[in-house]
Amino acid sequence: MLEIKSLVAAYGEITALHGLDLSIKKDSIVAILGGNGAGKTTLLKCISGLLKPKSGEITFAEKSLVGKEPEKIVALGLSHVPEGRLIFPSLTVRENLIMGGYLGTRHQINTGIEKVCAYFPILAEKLDQQGGTLSGGEQQMLAIARALVLTPKILLLDEPSMGVAPVIKDQIFEKLLAIHNQEKTTIVLVEQDADLALDVCQYAYVLETGRSVLEGTS
Ligand code: ATP
């Protein structure tokens, strides 16, 4: 479904990915593991068009994503939940969710919001509250929910457990599994909590300084 071949990405003089090969199958959960600076975030940024690779190929459903604008990539069905959540703190929960559906029709947005509120009932209770006043765990749920409003084919998740209390972490991962099972959403999960990620994924890659050093079933 998503194929990455010989991907090289750099920030100026610093090469962050050195010819990465990766294959994500439809309907799977694939974990990308690795320590700080391994290149995990860089990989997600390249997939979603936030960073242009130096070379290599990224194909999704046989279309090349390289050089495409991020909004075109979203329209193809790839949603990115960035590291650190990056919700709009001054907008309400409802307005954040509407932003997640900005490419859809009003009807699609309304049904999408209803659907994500069923997955995350706490958000339904706080639709008129400012995003920035939610707890860390609730903000993470909002960031995931915002990415799901238009039912993406692939969800790219960057460290959903970061800065979240253990009990909320478990709740978030339970919801992710439910979403994967019910919506058939393919998930690419970047995580530092390897135990948690290996519990939910079927396949994993381990990155080290921009290279894949290990891959296999969970
Ligand atoms: P972490 O788990 O700490 O988020 P990561 O595996 O996601 O790490 P990346 O953020 O992809 O790693 O970083 C890969 C390399 O690229 C690191 O050496 C990092 O310092 C460098 N890098 C990342 N972003 C930038 C940037 N904006 N400018 C310069 N170098 C960067």
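For the structure itself, look to the data block above.
Let us look at the structure shown here. None of these values were measured; they are calculated from a predicted model.

A closer look at the packing of aromatic side chains
Working step 1: Counting across every chain of the model gives one aromatic pair.
Working step 2: With a centroid separation of 5.5 Å and 65 degrees between ring planes, the pair formed by Tyr203 and Tyr205 is classed as edge-to-face.
Working step 3: By relative accessible area, Tyr205 is classed as buried at 3%.

Side note on the pairing of strand β4 (residues 55-60)
Working step 1: Two strands pair when backbone bridges link them, and strand β1 (residues 2-11) and β4 are joined in this way by five bridges, in the antiparallel orientation. Residue pairing across strands places Lys5 opposite Glu57, the latter belonging to β4.
Working step 2: Judged from the two bridges that link them, β4 and strand β5 (residues 63-64) form a sheet pairing that is antiparallel. The partner of Thr59 across the bridge, within β5, is Ser64.

Quick look at the sheet that holds strand β6 (residues 78-81)
Note: strands within a sheet are paired through backbone hydrogen bonds, in either parallel or antiparallel orientation.
Working step 1: The strand order across the open sheet formed by six strands is β6-β7-β8-β3-β9-β10, and the pairing between neighbours is mixed. The sheet is open, and its two borders are formed by β6 and β10 (211-217), each paired with just one other strand. Within the sheet, the average angular offset between the axes of one strand and its neighbour, ignoring direction, is 15 degrees.
Working step 2: Two strands pair when backbone bridges link them, and strand β3 (residues 29-33) and strand β8 (residues 186-190) are joined in this way by four bridges, in the parallel orientation.

Conventions and cut-offs
- Residue positions are given per chain, counted from 1 along the sequence in the order it is written.
- In view of the model being predicted, local features appear only for residues whose pLDDT reaches at least 70, and side-chain atom pairs are presented and counted only at 80 or more, with totals across whole chains, interfaces and linings using the full set of residues.
- Heavy atoms from the whole structure form the basis of all side-chain values; hydrogens and water molecules are not counted.
- Think of it this way: a Phe, Tyr or Trp ring, Trp meaning its six-membered ring, pairs with another when their centres are within 6.5 Å, and the plane angle makes it stacked under 30 degrees, edge-to-face over 60, tilted otherwise.
- Partly exposed describes any residue whose relative accessible area lies between the buried limit of under 20% and the exposed limit of over 50%, with all areas from a 1.4 Å probe on protein chains only and scaled to the type maximum.
- Think of it this way: DSSP has to see at least two bridges between two strands before they count as a pair.
- A run of H or I in DSSP counts as a helix once it spans at least four residues, and a run of E counts as a strand once it spans at least two, with each numbered from the N terminus.
- Whenever a helix is involved, its axis is fitted only over the stretch in contact; in every case the axis is a line through C-alpha atoms, and angles between N-to-C directions fall within 0 to 180 degrees.

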